[in-house]
Amino acid sequence: MKPIEIIDIDVSYGAKKILEAITFHADAGEILGIVGPNGSGKTTLLKAMSRVVARDNGEIRLDDQDLDSLGYRELARRVAVVPQDISIGFDYTVRDVVMMGRHPYIGRFASETARDLEICDHAMHLANVAHLAGMSVHEISGGERQRVLIARALAQEPKILLLDEATSNLDVSHQVEILNIIRDLAGEITVVSVFHDLNLAAYYCDRLLLLKDRKVYAAGAPGEVLTRENIREVFGMEMLVKPHPLTGRPYVLPVYMHQPGAGANRRVHVVCGGGTGSDILHLLHGAGFTVTCGVLNVLDTDYGTAMHLGLPCVAEPPFHGITPESLAGLRACLDGADTIIVTAMPIGRGNLDNLRVLLDYPTKPVVFYARDCTSRMEDYTGGEFGAMLANLEARGALRVEGAEELLARLSQDGSDRD
Amino acid sequence: MRRTAPIIILTLICALLISMALAVALGPSGISFGSLFTSDNAWMILWEIRVPRVIAAALVGCGLAVAGTAMQALFRNPMADPYIIGTSSGGALGATLAIVFFAGTGRTVLAFAGAMIATFTVYFIARRGGKIPVETLLLSGVALATLLSALLSFLMYTAGRSLHQIMFWLMGGFWNIAWNDVVVAIPILIGGAGIYLFARDLNILALNEEDATHLGVNVERTKQILLALSAFVTGIAVAVAGSIGFIGLITPHVMRLIVGPDHRFLFPAAALAGAILLVWADALTRTFTSDMPVGILTACFGAPFFIYLLRSRMKA
């Protein structure tokens with residue numbers, strides 16, 4: 001017996017289909033997130049579940065009971081909805097609004113009992129609005145008002161809580177505060193929530209339902225649903241999907257693609273490490289350059305960036321020096337490159353070979369790139385690198401600072417060549 | 001709930017009783033307390049004319065205020081009242097038909113029927129897929145009121161001898177009230193009590209209809225019942241006293257500022273204030289003018305208030 005089960009429902013507004021053949025269920029006590037692009041039908045799906053919107057066909061079952069067989073009050077005792085910030089036209093107090101959650105329990109000829117007051121107090125306590133009880137809903141902030149609506153929903157003592165982007169209008173600290181409250185409630189209550197923010201959804205939800213063009217595109221654990229391929233297919237956008245460094249949940253970041261420009265048909269090789277090259281790998285890739293990089297250790301942040309961008313990279317296993325095979329790979333990259341870029345990174349015995357190889361390419365333009373004035377090439381080789389640097393600069397290697405200057409330099413090289 | 005609300009309601013009850021007593025004592029033919037025991041005529045004026053008149057004014061004021069309060073919450077619009085959605089135009093047309101064709105008999109029944117028919121015509125015109133959007137409801141109300149007033153004008157144009165009677169009645173007043181009119185007006189209290197049972201639903205409906213559904217309110221049925229009850233109360237008020245405007249608009253608005261938006265307190269407060277207002281309006285017009293229709297006075301004070309309300313809302 002599932003707390004809520006949606007079986008093959010269609011919904012349309014007039015002639016316009018909004019949802020088609022939607023089937024899913026929520027397990028008891030879980031947080032189920034509904035995600036998808038604007039217009040994919042997320043909110044409508046939630047409205048069908050609260051019976052505000054009629055469906056064309058299909059079935060919705062609550063604890064194995066047909067949704068349509070429930071009276072209005074019975075439904076409100078089982079399912080509570082936290083809407084997106086609603087405007088409250090009249091000047092009610094916070095307690096008035098929370099007490100409205102008891103409406104489905106109070107008969108027409110009765111008034112609220114001590115128990116109703118107790119439940120209200122408890123709900124306000126859980127939603128952290130007890131201190132606002134006597135204030136007008138017009139005097140409190142948007143985040144507080146949203147918590148008041150949560151308290152009102154809790155006063156309904158529901159089995160199922162539906163949230164319609166309940167935190168979308170709030171700043172991030174209030175979003176997290178409210179979602180933490182919701183997560184503490186899950187377990188006793190089954191939560192189904194529409195999310196706009198994929199990262200919040202990935203962190204707070206046990207399972208996700210991804211909608212695309214009126215239909216369910218994917219469903220399952222956040223890690224299964226929020227894959228790079230699914231996001232590309234549904235949102236039409238390249239996203240990096242990484243585990244969040246602290247929570248291990250999937251974390252998505254947009255790959256901000258530039259229009260291919262200066263870099264068309266140009267090849268660059270980037271010698272980098274320790275995260276000093278990630279910004280320009282992305283920038284150059286986005287600008288249309290054919291980018292290679294290495295030699296890098298596979299634990300290096302720059303290696304991860306290269307893999308996310310799909311760039312060819314010469315790599316070594318963890319805690320390993322540079323092997324002759326890797327050096328051969330590096331030479332192959334350098335042979336094809338129009339320009340070689342060296343980022344400002346610490347140089348030690350482990351990566352000195354990357355630079356020594358450059359001495360064998362006296363005719364290739366070499367650019368030393370520093371992200372900003374704080375970036376330095378610390379020498380941990382006891383002076384060996386310093387001599388090498390002087391040598392390269394004597395042959396015409398340049399220093400540039402900042403990505404803009406680098407791009408300007410590269411386009412100048414390009415026109416020199418043409 | 002504001003803690004002061006019950007005190008304010010108690011105060012209003014006292015004020016109403018005092019107002020009614022004073023209104024009975026006031027009048028163009030000065031009656032001294034002593035003359036009641038010596039003059040049958042004085043007693044007759046008091047008991048047969050002033051007492052029923054004051055009671056009817058209180059009942060009509062109460063009814064208009066309650067119907068106005070219900071409609072403002074129902075449409076989430078503090079500008080709404082029974083006149084705006086065509087209820088009283090329907091009542092006025094019904095009563096005029098009675099005057100023109102039946103020399104005034106059945107005026108009450110026809111006014112009541114007219115109010116109901118007008119309200120539900122507007123309701124069905126405004127209905128879209130089982131729902132009644134507020135915008136279409138208000139616009140259909142305005143459109144129907146225009147049509148009804150054209151029909152009313154036509155009736156007046158063809159009325160001949162009864163034109164004066166129609167005119168006077170339309171302006172609204174209590175000059176002809178007898179005890180049987182009070183009996184007709186009593187059901188206003190029943191309708192008002194019925195509306196009061198929905199006070200909590202209206203508190204919730206005042207938020208937002210979708211939200212009200214989430215809280216277990218059967219929105220469409222509640223709207224139908226409240227529209228019917230409001231039409232019932234308004235129809236009776238119009239039948240008894242003609243068209244008296246703005247009581248239904250102003251009273252709920254002022255009382256909301258004083259007792260707050262909780263309808264469990266707002267309804268009694270508005271009902272009492274509406275009654276007090278109309279008792280005094282009637283007492284003043286009959287004492288200081290030669291029984292000018294009281295509707296002229298309420299409109300004179302009500303319309304500027306309406307404009308003020310409109311302006312302050314436009315600024316907000």
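Residues numbered from 1 in each chain as written. Chains lettered and ligands numbered in written order. Predicted model: local features only at pLDDT ≥ 70, side-chain atom pairs only at ≥ 80, totals over all residues. Heavy atoms only, no water.

1. What about the overall build of chain A?
- The helix and strand tally for chain A stands at 15 helices and 18 strands.
- Here the C-alpha radius of gyration of chain A, 29 Å, is well above what a compact globule of 418 residues would show, namely 22 Å.
- Across its three principal directions, the C-alpha atoms of chain A cover 95 × 45 × 40 Å.
- Taking all 418 residues of chain A together, the buried fraction comes to 50%.
- Here the analysis covers contacts within chain A between residues at least 6 apart in sequence; of these, 67% occur between residues at least 24 apart.
- Charge centroids of chain A, computed over 40 positive and 56 negative side chains, lie 3 Å from each other. (Helix = DSSP H or I, 4+ residues; strand = E, 2+ residues; numbered from the N terminus. Rg over C-alpha atoms; globule rule 2.2 N^0.38 Å. Buried < 20%, exposed > 50% of the residue type's maximum accessible area, 1.4 Å probe, protein only. Contact = heavy atoms within 4.5 Å. Lys, Arg positive; Asp, Glu negative; His and termini not counted. Charge placed at Lys NZ, Arg CZ, Asp CG, Glu CD.)

2. Observations concerning the sheet that holds strand S5 (residues 65-66) of chain A
Residues and elements named next belong to chain A.
- Strands sit in the order S2-S1-S4-S5 across an open sheet of 4 strands; the sheet is antiparallel. What marks the edges here is a single partner per strand, and that holds for strand S2 (16-26) and S5.
- Here 7 bridges tie strand S1 (residues 4-13) to S2, and the two strands are oriented antiparallel to one another. The residue of S2 that forms the bridge with Ile9 is Ile22. (Pairing = 2+ DSSP bridges.)

3. Digging into helix H5 (residues 142-155) of chain A
- The end-to-end C-alpha distance of H5 of chain A, which contains 14 residues, comes to 20 Å, matching closely the 20 Å that a straight helix rising 1.5 Å per residue would cover.
- Buried residues dominate H5 of chain A, accounting for 12 of its 14 residues.
- Restricting attention to buried positions, one finds in H5 of chain A the residues Gly143, Arg145, Gln146, Arg147, Val148, Leu149, Ile150, Ala151, Arg152, Ala153, Leu154 and Ala155 of chain A.
- As for H5 of chain A, its buried residues are in contact with strand S6 (79-82), helix H3 (94-99), helix H4 (114-126), strand S7 (160-164) and helix H6 (172-185) of chain A together with helix H11 (209-214) of chain B.
- Just beyond H5 of chain A, the residue with positive phi is Glu157 of chain A, at close to 45°. (Expected span 1.5 Å × (residues − 1).)

4. Some remarks on the UniProt feature "domain: ABC transporter" (unreviewed entry) in chain A
- Taking the UniProt record as the reference, the feature "domain: ABC transporter" (unreviewed entry) is found at residues 4-238 of chain A.
- Strand forms 26% of residues 4-238 of chain A and helix 34%; the C-alpha atoms that close the span are 34 Å apart. (UniProt positions renumbered as here; feature names shortened; annotations may be inferred.)

5. Some details on the interface of chain B and chain A
- With 26 residues of chain B at the interface, the matching set in chain A holds 29 residues.
- In total, chain B and chain A occlude about 2500 Å² of area from one another, counting both sides; carbon and sulfur atoms represent 56% of this.
- It is Arg200, His214 and Leu215 of chain B in chain B that bury the most area against chain A; as a group they hold 26% of the surface buried on that side.
- Along the contact surface separating chain B from chain A lie 4 salt bridges.
- Linking Asp211 of chain B and Arg152 of chain A is a salt bridge whose minimum nitrogen-to-oxygen distance equals 2.6 Å.
- Linking chain B with chain A are 11 residue pairs in polar contact (both at pLDDT 80 or more).
- Only helix H10 (199-205), H11 and helix H14 (263-288) of chain B provide two or more residues apiece to the side of chain B that touches chain A.
- Classifying every residue of the side of chain B that touches chain A gives 10 nonpolar, 7 polar and 9 charged. (Buried area = accessible area lost by both parts, 1.4 Å probe. Salt bridge = Lys/Arg side-chain N within 4 Å of Asp/Glu carboxyl O. Polar contact = N/O pair within 3.5 Å; in protein donor to acceptor, adjacent residues only side chain to side chain. Nonpolar A, V, L, I, M, F, W, Y, C, P; charged D, E, K, R; others polar.)

6. Section: the packing of aromatic side chains
- For the structure on display, the rule yields 8 aromatic pairs over all chains.
- With 6.3 Å between their ring centres and 5° between their planes, Trp43 of chain B and Trp47 of chain B make a pair best called stacked. Note that Trp43 of chain B and Trp47 of chain B are positioned in helix H3 (residues 40-74) at a spacing of 4 residues, about one turn of the helix.
- When its relative accessible area of 40% is taken as the criterion, Trp47 of chain B is described as partly exposed.
- Grouped by ring-pair contacts, the aromatic residues Trp43, Trp47 and Trp179 of chain B constitute a single cluster.
- The positively charged end of Arg77 of chain A is found above the aromatic ring belonging to Tyr105 of chain A, 5.5 Å away from the centroid.
- Its guanidinium or amino end placed over the ring of Phe198 of chain B, Arg108 of chain A lies 4.0 Å from that ring's centre, counting from NZ or CZ. (Phe/Tyr/Trp six-rings, centres within 6.5 Å; stacked < 30°, edge-to-face > 60°. Lys NZ or Arg CZ within 6 Å of the ring centre and 35° of its normal.)

7. Quick look at the nonpolar core
- With 151 residues, the main nonpolar core has Leu161 of chain A together with Phe75 and Phe174 of chain B as its most contacted residues.
- Among the elements that take part in this core, H3 of chain B stands out by supplying 17 residues, more than any other. (Core = buried A, V, L, I, M, F, W, Y, C linked by side-chain atoms within 4.5 Å.)

8. Here's the deal with the packing of helix H1 (residues 5-25) of chain B against H14 of chain B
Residues and elements named next belong to chain B.
- Contact geometry of H1 with H14 gives a least axis separation of 9 Å together with a crossing angle of 20°. Judged by the angle between their axes, H1 and H14 are roughly parallel. Viewed along their axes, H1 and H14 form a crossing whose handedness is left-handed. On the side of H1, the interface is formed by Ala5, Pro6, Ile9, Leu12, Ile13, Ala15, Leu16, Ser19, Met20, Leu22 and Ala23, while H14 contributes Phe265, Pro268, Ala269, Leu272, Ala275, Ile276, Val279, Trp280, Ala283 and Arg286.
- Of the residues that constitute the contact of H1 with H14, the class distribution is 19 nonpolar, 1 polar and 1 charged. (Axes fitted to C-alpha atoms, helices over the stretch in contact; angles between N-to-C directions. Parallel < 35°, antiparallel > 145°, perpendicular 65-115°, else oblique. Left-handed = near helix turned anticlockwise from the far one by under 90°.)

9. Quick notes on the UniProt feature "transmembrane region" (unreviewed entry) in chain B
All names here are of chain B.
- The feature "transmembrane region" (unreviewed entry), as annotated in UniProt, sits at residues 54-75, 82-103, 109-126, 138-157, 177-199, 225-250, 265-285 and 292-310 in this numbering.
- Note that residues 109-126 is 100% helix and 0% strand, and that its end C-alpha atoms are spaced 26 Å apart.
- Between the end C-alpha atoms of residues 265-285 the distance is 30 Å, and the span holds 100% helix and 0% strand.

10. Regarding the pattern of salt bridges
All names here are of chain A.
- Scanning all chains against the criterion turns up 30 salt bridges over all chains.
- For Asp360, the salt bridge is made with Arg331, and the minimal N-O distance between the two is 2.9 Å. Linking Asp360 in the loop between helix H13 (352-356) and strand S17 (366-370) with Arg331 in helix H12 (residues 324-336), this pair joins segments that are 29 residues apart in sequence.
- Residue Asp360 is classed as partly exposed on the basis of its relative accessible area of 46%.
- With relative accessibility at 33%, the residue Arg331 sits in the partly exposed group.
- Across the salt bridge formed by Glu393 and Arg399, the nearest N and O atoms sit 2.6 Å from each other.

11. Some thoughts on the side chain of Asp164 of chain A
- Tracing the backbone through its elements, the reader meets Asp164 of chain A in strand S7.
- Dropping the residues within four chain positions of it, Asp164 of chain A is found in contact with Thr43, Leu46, Val82, Pro83, Gln84 and Val194 of chain A.

12. Examining the sheet that holds strand S10 (residues 215-220) of chain A
Residues and elements named next belong to chain A.
- Taken together, the 6 strands give an open sheet; going across it, the order is S6-S7-S8-S3-S9-S10, and neighbouring strands pair in mixed fashion. This sheet does not close on itself; its edge strands, each paired only once, are S6 and S10. The sheet shows a mean angle of 20° between the axes of neighbouring strands, taken without regard to direction.
- Relative to S10, strand S9 (residues 207-212) runs antiparallel, the two being bridged by 5 bridges. Looking at S10, one finds that Lys212 is bridged to Lys215.
- Along the sheet, H5 makes contact with S6 and S7, crossing S6 at roughly 175°.
- Strand contacts of helix H9 (residues 228-235): S9 and S10, with the helix running at about 35° to S9, the strand carrying the most contacts.

13. Examining the pairing of strand S18 (residues 398-401) of chain A
Residue and element names in this part refer to chain A.
- Both S17 and S18 contribute to a ladder of 4 bridges, which runs parallel. Its bridge partner lying in S18, Val367 is registered against Leu398.
- Read as a crossover between parallel neighbours, the route from S17 over helix H14 (residues 384-394) to S18 is right-handed. (Right-handed = clockwise from strand over helix to strand, strands pointing away.)

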